[in-house]
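Analysis of the macromolecular model
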Amino acid sequence: MGVNENANIEAKGTGAKRSPRVIVVGTGLSGVAMGIRLMEAGFTDLTLYEKAEDLGGTWHYNFYPGLRCDVPSYYYQYSFSPSAHWSQRFCGGPEIQKYYSDTAKKYDVYNRIKFNSEVVHSEYDGNKWHVKLANGDTDEADILIAACGILVRPKYPEIEGMDSFEGRILHTARWDKDIDLTDKRVAVIGNGSTGIQMIKPLTDICSKVYSFQRTPQWIVPIPNKKYSALNGKVLTKFPSISKFFYRCLSYIMETLMGTGVIKDGWVRKMVGKACVWNLKNVKDPELRKRLTPDYVAMCKRLVMSSEFYPAIQKPNAELVTENIDRFEAKGIVTKDGKLHEVDVVALATGYYAGEHMMPMTMSVKDGPTLEEAWKDGVYGYRTVAMPEFQNFFMVMGPNSPVGNFSLAAIAEVQSAYILQFVEKWANREFEKVSPKRDATDRFINDMKDNMEGTVWLTGCDSWYLDKNGVPSSWPWTAAKFRKDLKTPDYSEYEIVR
């Protein structure tokens, strides 16, 4: 039977505590965080399904030249498991992937993962979730948790003649580790964070590097400081220092940068001035003009680099702003008719943003399919749940406060929130739970009302905007995010005992 407003869920459950069967889909840093929460709470009837051959998500799939995180290493980690051995301020992909792999092993999550196991369909029959894998296997769970990430499926451009190109075309998210680019002519299509990161290392070894730019980016000049071996020894001996670093960086990124994206003020202006100052390092006025954006800094994801502007000014580098017309056997032809002869093309063209669980299909008994629920746009209740999808939760769900923040910090908050429902199910305080439709609608409308004034609506096109032009991020502070997701408001949930 249903429970009314404020649903006296705090009352003790009936009968002995039970052990829920839990399935987590995805083992990027959000899935690992959820797995750790469950294992630490004693919920060991757990399987994490991962379609790749190892965990890490983004940090498993990406290993293009110059790859590194644009969030400081001491902030891009779990607060409860700080590392003393980060080698740089902004670490490379392999080092980050190793940290999350080591942490999963430390908390006994790694051996709960089934690799090469892609979940293609999930169905709730009114009692349990049934999942089907691409290899034909099936499984079932009392509680299903999606931790599938935000930027997952690579986006390949459709350009005439790509099949006729005699060289190699690689997406940066599906790079070839063994490719030798020494003295090669390389074209990088796209100049977001990935495309910009690639230019410096490529110009160091390639005979020619073309950066095909559609839209210029604002770039903040933050040097990538290397940490000494002594630094690691000190932090190993005094782990409290590492935790202090985490708190300081958390304050800078969340309180300062976070304020800049949600409202105009001194932070947004300061970041803009830093970007303009950095752009002045481009000596050629014509090149500087072509590299100058016409939108407000932070409207797109802010790029952090002290290497791109020096690299793009090297003799073997060339910025191409003319639109691409087609591929030919020897290279890329732009709209002005010029052929740029290249050996390798790097597609830094991003992802289909905001797909979350998709292309996995989902359905619920007497309810909608995922495709039907999201036909007018992706949404969720407070980033973690969906109406009618009972006993289902999301880590890094719609409107999570992504951007230049630590996804690890976000995952910690969401996984702790979700764990409270798992514990109450185990205590027999409910059988089924999902957010109410009206509560979800109120959240969505409140969120949209608060989007006005955010930097994402100042006039640029970015992956932060959904297909309806509505920002898919969090329009409030990180502090509000933590407060809202500290304790569930059970009056906003449909609860079946």
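The structure reproduced in this document is the subject of the present report. Just so you know, these numbers come straight off a predicted model, no measurement behind them. (Residues numbered from 1 in each chain as written. Predicted model: local features only at pLDDT ≥ 70, side-chain atom pairs only at ≥ 80, totals over all residues. Heavy atoms only, no water.)

**Let's talk about the side chain of serine 122**
On the secondary structure map, serine 122 appears in strand β4 (residues 119-124). If we skip the residues at most four places from it in the chain, serine 122 touches Trp129, His130, Val131, Leu144, Met360, Thr361, Met362 and Ser363. (Helix = DSSP H or I, 4+ residues; strand = E, 2+ residues; numbered from the N terminus. Contact = heavy atoms within 4.5 Å.)

**Considering the pairing of strand β9 (residues 185-189)**
Burial of β9 is extensive: 4 of the 5 residues sit out of reach of the surface. Bridge count between β9 and strand β10 (residues 208-212): 5 bridges; the pairing is parallel. Of the residues in β10, the one forming a bridge with valine 188 is serine 211. At this point the chain moves from β9, through helix α4 (residues 193-205), to the parallel β10, and the crossover so formed is right-handed. Sheet analysis places β9 next to strand β17 (residues 344-347), joined by 4 bridges and oriented parallel. Considered in β17, the bridge of valine 186 is made with valine 344. (Buried < 20%, exposed > 50% of the residue type's maximum accessible area, 1.4 Å probe, protein only. Pairing = 2+ DSSP bridges. Right-handed = clockwise from strand over helix to strand, strands pointing away.)

**Observations concerning the sheet that holds strand β2 (residues 46-49)**
Read from one edge to the other, the open sheet built from 5 strands follows the order β3-β2-β1-β7-β19, with strand pairing classed as parallel. Because the sheet does not close on itself, it has two edges, and the strands there are β3 (113-114) and β19 (392-394). Both strand β1 (residues 22-25) and strand β7 (residues 143-146) contribute to a ladder of 4 bridges, which runs parallel. Note on β7: the bridge partner recorded for valine 25 is alanine 146. Where helix α1 (residues 29-40) meets the sheet, its contacts fall on β1, β2 and β7, and the angle it forms with β2 comes to roughly 175°. (Axes fitted to C-alpha atoms, helices over the stretch in contact; angles between N-to-C directions.)

**Concerning the packing of helix α5 (residues 229-237) against helix α6 (residues 239-262)**
Interaxial distance between α5 and α6 falls to 4 Å at its minimum, and their mutual angle equals 105°. By the angle between their directions, the pair α5 and α6 is classed as roughly perpendicular. Where α5 abuts α6, its residues Val234, Leu235, Thr236 and Lys237 lie against Pro239, Ile241, Ser242 and Phe245. Residues of the contact of α5 with α6, tallied by class, amount to 5 nonpolar, 2 polar and 1 charged. (Parallel < 35°, antiparallel > 145°, perpendicular 65-115°, else oblique. Nonpolar A, V, L, I, M, F, W, Y, C, P; charged D, E, K, R; others polar.)

**Side note on α1**
With 12 residues, α1 should cover 16 Å at 1.5 Å per step; its first-to-last C-alpha distance of 16 Å lies within 8% of that length. Residues Leu29, Ser30, Gly31, Val32, Ala33, Met34, Gly35, Ile36, Leu38 and Met39 constitute the buried set of α1. Tucked into the core, α1 has its buried residues touching β1, β2, α3 (93-106), β7 and α11 (407-426). In the stretch just after α1, glycine 42 is the one whose phi turns positive, near 90°. (Expected span 1.5 Å × (residues − 1).)

**Regarding the nonpolar core**
Ranked by size, the top nonpolar core spans 144 residues in total, and within it Leu38, Ile145, Met357 and Phe392 carry the most contacts. For this core, the element with the most residues is α11, which contributes 12 residues. Leave out the neighbours within four places in its chain, and phenylalanine 392 touches Trp129, Leu144, Ala146, Met357, Met362, Val384, Ala385 and Met386. Judged by nonpolar contacts, the second largest core, of 13 residues, contains Ile159, Phe165, Ala187 and Val345. (Core = buried A, V, L, I, M, F, W, Y, C linked by side-chain atoms within 4.5 Å.)

**A few points about α4**
By the largest-angle criterion, isoleucine 199 marks the main kink of α4, which is about 30°, and a proline, proline 201, follows within four residues. The set of residues buried in α4 consists of Gly195, Ile196, Gln197, Met198, Ile199, Leu202 and Thr203. (Bend = angle between axes of the 7 residues up to and from the residue.)

**Quick look at the side chain of aspartate 484**
Position of aspartate 484 relative to the elements: it lies in helix α13 (residues 478-484). Excluding its chain neighbours within four sequence positions, the residues that come into contact with aspartate 484 are Arg382, Tyr417 and Trp474.

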